[in-house]
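Each chain, letter by letter, is given below.
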Amino acid sequence: MNRIDLFLPIIFLMVLSHPGFSQSTVTKLQCEYLENPLGIDESHPRFTWQTVSEEPGLMQQAYQIIVGTDELDVSSGSGNVWESETIKSGTIPAVYQGPELNPFTRYYWCVRIQDESANWTDWSEVVWFETGLMDQHNWKGHWISDTHDYKLKPAPYFRKAFNTKKQILSARVYISVAGLYELSINGERIGDHRLDPTYTRFDRRNLYVTHDVTTNLRQGENVLGVLLGNGWYNHQSTAVWYFDQAPWRARPKFCMDLRITYADGSEETVSTGSDWQTALSPVIFNSIYTAEHYDARLEQAGWDSPGFKPEGWRNAMPTNAPSQNITAQVLHPIRHVTEIPAVSMTRQGEKTWLFDFGRNMAGVTRINVSGAEGTTIRLKHTERLDENGKADLSNIDVHYRPTDDSDPFQTDIFILRGEGEERFMPRFNYKGFQYVEVSSDQPLELTKESLTAYFMHSDVPPSGNVRSSNTTLNRAWEAANASYLSNLFGYPTDCPQREKNGWTGDAHIAIETGLYNFDGITIYEKWLADHRDEQQPNGVLPAIIPTDGWGYTWANGPDWTSTIAIIPWNIYLFYGDSRLLERCYDNIKRYVDHIDELYPSGITDWGLGDWVPVKSKTPKEFTSSAYYYVDALILSKTASILGKEADFKHYTALAEKIKKTVNEKYLNRETGLYGSGLQTELSVALYWGLVPQELQAKVAENLAKRVEADDKHIDVGLLGTKAILNALSENGYPELAWEVASQETFPSWGWWIVNGATTFYENWPLDAKSDISMNHIMFGEISAWYYKALGGIFPDEEQPGFKNILLNPNFVNGLDQFEATHESPYGTIVSSWKRKGRTVDYQVSVPANSTARLRLRGTKIEEKGKNLSKNTNLKILELDQEQAILELKAGDYRFLIR
Ligand code: BGC
């Protein structure tokens, strides 16, 4: 009897894919992680694609890319810009290596790949990317403003009429704004983005957006209309972070070039300048932080259309540019992604109504209503109701410091014009809410349909899905997604209501939850550029990014601002792309060097510690030093990836020193306890790799005992939630981890869910008195944990981007069915299991051009494994009574495990 027959508790059933001849196709082409991106500034854009193959085990060994300006040529296999050699590589992304790219140019491209038997696929479909300005010296327009004082509340309109005499071939608008904008041409709004451009540190970098407006222009008179909002640029509301005193604050301004290419090949640019006209709009107040007020009586019909007489309008004034760095916005924009009808409407008074949208979210509402002229309607948006069932802001207005009552928190004000049905929806604000109290100073007729909500966020494509037989798990996963998205607005935020701040700590804790579930790379690359903009010469980073200056002296220790290392590292793991690490390398280094300078011992207490704990408090020196270790380690690994030998040695030694110092101070080698043996202490040490190898089992056992003693409930804060479940499941206690993760009594995620949460909260008790936002993602690691511990899907540091997938599922007792899918750069990974009596039916899909290393645990031998060793797609690396470790080629597999 051979070894396999003897010990194998796993039956390999079949390879589901059909063997035979390959018909592989290259699909899902993206440039800079977007489909056909318009207006990029990157001199070396990155290309990615996936391969679809009927053939199990397909691997790319080389590729070829063609880039050209003529679509037909490219589709027939030749490019006038770059025809790459055969590039020997099995991985993506590929980086453009052709001659310097021109601005304002559409480049078509396609790719083909060669498999390991040297067969080429056909050329892929032809797609494109289009360059924007490429160099800011290519701007022609002036920055203009209406020059009113920044305290003036109404938002300004700008318009420009011009004539086109010839036939238009193509037209693009390039628009950069300090503040926010809505652009219209001939009375029609351009694009479906919201809150553009996304927030940056305005005095360091400004983003411009490109619009294809070819079909919006007509021969003859055209009118360009721009409405400017304040956004974070001109923060008129007052709160504890002093954004009203931001160094960049001014009346919003913008710069725009409309480049028209005519059919005869000639070009014309219509730019911003003093010939633009400006007037105040009916948006009588707008604050990204609080709300928007609109007086429909001030509407000027046709202001952005030909034929309008701009009476009383004056000329705009050229003004200084907000920064000397104006770059393309290349990301998934903010949109009104989901329209949500009200689930109920109740009349709470003669002129007061309460709308309930059934779920918590970030976004806006739109009201459709008719009423008498001058009727003033207030729409108060809240996350919860008070004991009398009234809309209640008291959990989220705590940091707001209004100076009068003209700017009520999260309350839009709409004044009717009094003509037919009117509608209002804010353009330059969003809120966090589930309920809206509508009140009016005059009688109105409202129905449940009068108000519609829009869930807004950066419109990142979903890249993961979780489904299980446990309803609470499913709902928790959905709630985590809702909180993650509610906190993604071109930068990750802590909450969509009370702050909207780019809190660093919250974001690095949530990075895996983000990346398992959503294709977020474009947002994080933008946000890490914000980090680079904000870093002080001495290496210090602020606690919130972007910032007006607040947070450089509080909360910005390594436990929070390790975003600078942790986020690029995770992008590398999830996308196999080292560009962000490369771009942030010096910044990580300056940050680590700064801590080293301040804390030469290797131990630091700089930070906030285990924020919002259940009860026990872990010393913050311990957690901050752990994060300092993480940063030094990521830096040393990055140095090695980037071939920086001396740095690699230096930071490896530094990481070792930190680990040694932490262990000397906190680890009791006799007992295997860290500090006083709290959940956060033990799990942070295990999860972040501080524990000496020989003591790992002991520390894990101590953690398990601690958790048992805590009644299998969590006793952690923010930093502990990142570690606790993973530390258990990755160190031999997956069953216990699941028991903790699936609790439905206090304190637990399930406790929130069974009490009706549709988003994650900021605090564990439902009746906590402070830190009580109902839409925080900071405790969101559990969603990533579902993928990792239950689905077993991990990226492999050695072959990142899921080129090789580490599959390590745990078929935990008490859960009958679980499935996780993740859309990796190479394709869809599926890890799905179902318990049938004492057997687990496990199905896996490994996408083409990737491999997996699967570890399966079976506890009992009930049947001989017959086919496992015979299948050529499976390579057995290890096999004993406990487990099998297999190497899987691309394909679909099914196993029965007993
Ligand atoms: C935020 C948190 C943040 C914390 C740090 C809070 O006000 O909402 O999520 O991490 O401050 O101090």
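Below: a short report on this structure.

Calculation notes
Residues numbered from 1 in each chain as written. Predicted model: local features only at pLDDT ≥ 70, side-chain atom pairs only at ≥ 80, totals over all residues. Heavy atoms only, no water. Helix = DSSP H or I, 4+ residues; strand = E, 2+ residues; numbered from the N terminus. Contact = heavy atoms within 4.5 Å. Expected span 1.5 Å × (residues − 1). Buried < 20%, exposed > 50% of the residue type's maximum accessible area, 1.4 Å probe, protein only. Near = heavy atom within 4 Å. Polar contact = N/O pair within 3.5 Å; in protein donor to acceptor, adjacent residues only side chain to side chain. Areas by Shrake-Rupley, 256 points an atom, 1.4 Å probe, with all protein chains shown as cover. 1 Å grid on protein atoms, 1.4 Å probe; cavity = no way out; pocket = protein on both sides within 12 Å on 5 of 7 lines; lining within 4 Å. Points joined across faces, edges and corners; volume = space filled by probe spheres on them. Nonpolar A, V, L, I, M, F, W, Y, C, P; charged D, E, K, R; others polar. Pairing = 2+ DSSP bridges. Axes fitted to C-alpha atoms, helices over the stretch in contact; angles between N-to-C directions. Left-handed = near helix turned anticlockwise from the far one by under 90°. Phe/Tyr/Trp six-rings, centres within 6.5 Å; stacked < 30°, edge-to-face > 60°. Lys NZ or Arg CZ within 6 Å of the ring centre and 35° of its normal. Disulfide = S-S within 2.5 Å.

## Thoughts on the environment of Ile87
- Relative to the elements of secondary structure, Ile87 occurs in strand β7 (residues 87-88).
- Considering only alpha carbons, one finds Ile87 and Ile113, 26 residues apart in sequence, at a separation of 9.4 Å.
- Not counting the four nearest positions on each side in its chain, Ile87 is found in contact with Gln61, Ala62, Tyr63 and Trp82.

## Describing helix α10 (residues 620-641)
- Under the 1.5 Å per step criterion, the end-to-end length of α10 is 31 Å for 22 residues, consistent within 8% with the ideal 32 Å.
- The buried count for α10 comes to 17 of 22 residues, which makes it a mostly enclosed element.
- Two residues or fewer past α10, Gly643 is found with a positive phi of approximately 75 degrees.

## Some details on the site of the ligand
- Taken together, Asp494, Arg498, Glu499, Trp503, Asp506, Trp554, Trp560, Leu608, Trp611, Glu762, His776 and Met778 are the residues near the ligand.
- The separation between an oxygen atom of the ligand and a polar side-chain atom of Asp506 is 2.4 Å.
- If the ligand stood free it would expose 310 Å²; the protein chains cover 95% of that surface.

## Topic: empty space enclosed by the protein
- Scanning all chains against the criterion turns up four cavities of 30 Å³ or more.
- Its volume calculated, the largest cavity comes out at about 110 Å³.
- Every residue lining the largest cavity is counted, 14 residues in all, and those nearest its centre are Leu180, Leu195, Tyr199, Trp232 and Ile288.
- Of the residues that constitute the lining of the largest cavity, the class distribution is eleven nonpolar, three polar and no charged.

## Here's the deal with the sheet that holds strand β2 (residues 25-31)
- Read across the open sheet, the three strands follow the order β2-β4-β8; overall the sheet is antiparallel. On the outer flanks of this sheet lie β2 and β8 (94-95), each paired with one strand and no other.
- As defined by bridge partners, strand β4 (residues 46-52) adjoins β8 across two bridges and the pair is classed as antiparallel. Considered in β8, the bridge of Arg46 is made with Val95.

## Regarding the layout of surface pockets
- Size it by volume and the largest pocket reaches roughly 1,200 Å³.
- Lining the largest pocket are 39 residues, with Leu573, Tyr687, Glu730, Phe794 and Glu797 positioned closest to its centre.
- Among the elements of the structure, α5 (511-517), α8 (563-575), α10, α12 (679-687), α14 (718-729), β39 (793-795), β40 (804-807) and β44 (851-857) are those that each provide at least two residues to the lining of the largest pocket.
- Class assignment for the residues of the lining of the largest pocket results in 21 nonpolar, seven polar and eleven charged.
- One number sums up the size of the second largest pocket: a volume of about 780 Å³.
- Lining the second largest pocket are 40 residues; nearest its centre among them are Leu34, Glu35, Leu331, His332 and Pro333.
- Contributing elements (two or more residues each) for the lining of the second largest pocket: β2, β3 (38-40), β4, β16 (206-212), α8 and β41 (817-824).
- For the lining of the second largest pocket, the element with the highest residue contribution is β16, accounting for four residues.
- For the lining of the second largest pocket, the residue count by class is 18 nonpolar, 15 polar and seven charged.

## Some words on helix α13 (residues 696-709)
- Across its 14 residues, α13 extends 20 Å between first and last C-alpha, which sits within 8% of the 20 Å expected from 1.5 Å per residue.
- Val699, Ala700, Asn702, Leu703, Ala704 and Val707 are the residues of α13 that are buried.
- Contacts from the buried residues of α13 go to β38 (673-674), α12, α14 and α15 (734-741).
- Note on α13: the residue one or two positions beyond its end, Asp711, has a positive phi of about 60 degrees.

## Here we look at the packing of α12 against α13
- Running from N to C, α12 and α13 cross one another at 145 degrees; their axes reach a closest spacing of 9 Å. Here α12 runs over α13; the crossing is left-handed. Seen from α12, the contacting residues are Gln679, Leu682, Ser683 and Leu686; seen from α13, they are Gln696, Val699, Ala700, Asn702, Leu703, Arg706 and Val707.
- For the contact of α12 with α13, a count of residues per class yields six nonpolar, four polar and one charged.

## Some details on the packing of aromatic side chains
- Taken as a whole and judged by the stated rule, the model has 57 aromatic pairs.
- With a centroid separation of 6.0 Å and 5 degrees between ring planes, the pair formed by Tyr157 and Trp313 is classed as stacked. Note that Tyr157 is positioned in strand β12 (residues 156-164) and Trp313 in the loop between β22 (292-295) and β23 (314-315), a separation of 156 residues in sequence.
- Tyr157 sits in the buried class, given a relative accessible area of 8%.
- Classification of Trp313 by relative accessible area gives buried; the value is 9%.
- Among the aromatic residues, those joined into a ring-pair cluster are Tyr199, Phe202, Trp232, Tyr233, Phe243, Trp248 and Tyr491.
- Over the aromatic face of Trp128 sits the side chain of Arg106, whose NZ or CZ is 3.5 Å from the ring centroid.
- Sitting over the face of the ring of Trp120, Arg112 holds its NZ or CZ atom 4.3 Å from the ring centroid.

## Things to note about the pairing of strand β46 (residues 883-888)
- Of all six residues in β46, five are buried; the element is thus mostly enclosed.
- In the sheet, β44 pairs with β46 via six bridges, with the strands oriented antiparallel. Note that in β46 the partner of Arg853 across the bridge is Glu887.
- Pairing between strand β45 (residues 874-879) and β46: five bridges, direction antiparallel. Opposite Lys875, over in β46, you have Glu887 as the bridge partner.
- Hairpin connection from β45 to β46: three residues lie between these consecutive antiparallel strands.

## Quick look at the environment of Phe518
- Within the secondary structure layout, Phe518 lies in the loop between α5 and α6 (521-534).
- In sequence terms Phe518 and Phe428 are 90 residues apart; their C-alpha atoms lie 25 Å from each other.
- Once residues lying within four places of it in the same chain are set aside, the contact partners of Phe518 are Val460, Pro461, Pro462, Ser463, Asn481, Tyr484, Leu485 and Tyr575.

## Topic: the sheet that holds β46
- Read from one edge of the open sheet, five strands run β39-β40-β44-β46-β45, paired in mixed fashion. The sheet is open, and its two edges are formed by β39 and β45, each paired on a single side. Each adjacent strand pair in this sheet contributes to an overall mean axis angle of 25 degrees, direction not counted.
- As judged from the four bridges shared by β40 and β44, these two strands associate in the parallel manner. Looking at β44, one finds that Leu806 is bridged to Arg853.

## Side note on the state of the cysteines
- Evaluated as defined, the whole model comprises zero disulfides.
- Cys31 provides the cysteine sulfur closest to Cys584, a residue in no disulfide bond, and the two sulfurs are 20 Å apart.

## Comments concerning the side chain of Arg259
- Position of Arg259 relative to the elements: it lies in strand β18 (residues 253-262).
- One polar contact links Arg259 to Glu267, side chain to side chain, over a distance of 3.0 Å.
- What Arg259 contacts, discounting residues up to four positions off in sequence, is Phe104, Ser170, Ala171, Arg172, Tyr174, Glu267, Glu268 and Thr269.

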